[in-house]
Amino acid sequence: MSADTTTAAPVRPETAGKSPGGSPGGRHLGLALFVIAAAQLMVVLDATITNIALPSIQTDLTVSDGNLAWIVNAYALAFGGLLLLGGRAGDLFGRRRMFRTGIAVFTVASVLGGLAPGEGLLIGARVLQGVGAAMAAPSALALITTTFPAGRARNTAMGVYAAMGGVGATVGLLLGGTLTDVLDWRWVFFVNIPIGLAVLAGTRTLVEADRNPGRLDVPGAITGTGGLIALVYGITRGGDHGWTDGLTLGSFAAAAVLLVTFLLVQARAGHPMLPLRLFRDRNRWGAYATMLCIGAGMFATFYFLTLYMQLILGYTPVRTGFAYLPFSFGMAMAAGVSSKLVAHLAPRLIAGPGLAVAAAGMVWFSTLEPDSSYTGHLMPAMFVTALGLGMGFVPMTLGAVSGVRHEDTGIASALLNTAQQVGGALGLAVMSTLSTSAATDRLPGAAAALYRGLATKDAALVARAGEALTHGYTRAFAAAAVMFLAGLAVTAIAINARKQQPTEDAGAVHMG
């Protein structure tokens, strides 16, 4: 999206707003929006839905402490590492086809995860879920540009899609706690089956765009995917084993070599997997950089808030899930408002103030005490943060795909998802290090001391450990505020696009 870009990713005039069969698709837009939103919700909530179920999974399957983290990390690694490949595959082989394939793979993997008799198959199922998500997620965003005509309908669809990015994480926590407590941990996987089948049945309402006549860039796919996997693995391992760990450093070195090689290959390839022209537009790379900062702050916030509510306040998994409802309401409300504002205001005039509000919410969180109240502290801070993030998501999502060449919509969407996933992994790893260090300064082994105090009913030890852990969490929240302010700085410096003004021809082509 250049400074004067006013159109979103192009659709051929004869196919814009029509169903695959060629009949007018207006009456089916509501169902199409439901399909895309449900798919995005399913993909995002699986990043958090297993978190609350981890203690039950560990007990039932006798999972070692070292492998327990991989039930979460395996999904993030496959999802983040394969997104670029999934996005380009959608451009080449058909976005609706890749969307369907991804949802099918994700659903089958959920069945395997729910039936897993041991940790090996469960971790394998999580990898397969990540593969399916990496195929479906970029195509879901790209399909919005081919199914919904430019203007109000597309902005609304983008708003709903963007809202799912935040709502999905909180719904995952709510569902994870409820299903684990009421039924069994296996239902955090089984719940995806009816959703996946419903999405697959509804994909007939989505409009398939013409495919790119190019071919898959195999050297680019190998170096790009390998580099991203090494990067995400290095970030994840760094948070768990320290940033000077040999394997952590080796992963970063491998990522640097592979990603530099990837960029060199892309500069020379006739049909590159990642066309470098996407980065010529300051608004587009600004949107990616801002989304990386948002992902870094947001996913770490969920992690530390969950720990605070369960370990310090003593909330049950179900109560923790319900406690996140203000975040879901705030995110949905702000995304709805910002999807309308994009037609009247420049993107940075929406995202900038939104990120400032989100940072203020994180500063509010950084003042938490071990005895802070939910209604007087947690709930309002949560709502304020969600309002700010909801205002930032929609213009950044639109900015990532607006004005992109027809053949590049899938990879542009994949880059947005990749920025958010890499940002989330980086933010969680760095903030975990900060939090642990701050807690250790107050009380070495604070988490272990808390569990020991609870087991022995040593109120004094529980109080000391709770104070130390809370101090660590608040340092992480302060760091998340810095990440949102960094996103605000990028928005102010890089993004100079004017408000969106859809042309009368929804199929107008802008060569970005």
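The structure we're discussing is the one just above.
Residues numbered from 1 in each chain as written. Predicted model: local features only at pLDDT ≥ 70, side-chain atom pairs only at ≥ 80, totals over all residues. Heavy atoms only, no water.

What to know about the packing of aromatic side chains
In total, this model carries 10 aromatic pairs according to the counting rule given. With centroids separated by 6.4 Å and ring planes inclined at 75°, the aromatic side chains of tyrosine 75 and phenylalanine 106 adopt a geometry described as edge-to-face. Here phenylalanine 106 lies in helix H4 (residues 95-115) and tyrosine 75 lies in helix H3 (residues 65-93), a separation of 31 residues in the sequence. Here tyrosine 75 matches phenylalanine 106 in class, with each residue buried. Relative to phenylalanine 252, the ring of tryptophan 243 has its centre 6.2 Å away and its plane inclined at 15°; by these criteria the two rings are stacked. You can call tryptophan 243 partly exposed: its relative accessible area is 28%. Members of the aromatic cluster, connected to one another through ring pairs, are Tyr75, Phe79 and Phe106. (Phe/Tyr/Trp six-rings, centres within 6.5 Å; stacked < 30°, edge-to-face > 60°. Helix = DSSP H or I, 4+ residues; strand = E, 2+ residues; numbered from the N terminus. Buried < 20%, exposed > 50% of the residue type's maximum accessible area, 1.4 Å probe, protein only.)

Let's talk about the pattern of salt bridges
A side chain with one charge may pair with a side chain of the opposite charge, provided their charged atoms come close. Scanning the model with the defined rule gives 2 salt bridges in all. For the salt bridge of arginine 186 with aspartate 60, the shortest nitrogen-to-oxygen distance reads 3.9 Å. Here arginine 186, found in the loop between helix H6 (152-182) and helix H7 (187-190), pairs with aspartate 60, found in helix H2 (residues 54-61); they are 126 residues apart in sequence, far enough to count as distant. Its relative accessible area of 43% is what places aspartate 60 among the partly exposed residues. Close ionic contact of arginine 442 with glutamate 467 constitutes a salt bridge, the shortest N to O distance being 2.3 Å. One end of the pair, arginine 442, is in helix H16 (residues 409-442); the other, glutamate 467, is in helix H18 (residues 459-494), and 25 residues separate them in sequence. Residue glutamate 467 is classed as partly exposed on the basis of its relative accessible area, which comes to 32%. (Salt bridge = Lys/Arg side-chain N within 4 Å of Asp/Glu carboxyl O.)

Describing unusual backbone geometry
For lysine 457, which is not glycine, the phi torsion reads 55° and is therefore positive. Within the secondary structure layout, lysine 457 lies in the loop between helix H17 (446-456) and H18. Owing to a relative accessible area of 76%, lysine 457 belongs among the exposed residues under this scheme.

What about the environment of histidine 377?
By the secondary structure assignment, histidine 377 is in helix H15 (residues 374-401). A relative accessible area of 11% places histidine 377 in the buried class. Considered as a pair, histidine 377 and threonine 367 are 10 residues apart in the sequence and their alpha carbons are 9.0 Å apart. When near neighbours in sequence (up to four residues on either side) are disregarded, histidine 377 contacts Trp364, Thr367, Leu368 and Ser372. A distance of 3.0 Å separates the side chain of histidine 377 from the backbone oxygen of tryptophan 364, its partner in a polar contact. (Contact = heavy atoms within 4.5 Å. Polar contact = N/O pair within 3.5 Å; in protein donor to acceptor, adjacent residues only side chain to side chain.)

Remarks on the nonpolar core
One finds Phe99, Phe365 and Leu389 to be the most contacted residues of the largest nonpolar core, which totals 115 residues. Counting residues per element, this core draws most heavily on helix H11 (residues 282-312), which supplies 13 residues. Leaving out residues up to four positions away in the same chain, phenylalanine 365 has contacts with Leu305, Leu378, Ala381, Met382, Thr385, Thr474 and Phe477. With 19 residues, the next largest nonpolar core counts Val63, Ala116, Ile123 and Leu179 among its residues. (Core = buried A, V, L, I, M, F, W, Y, C linked by side-chain atoms within 4.5 Å.)

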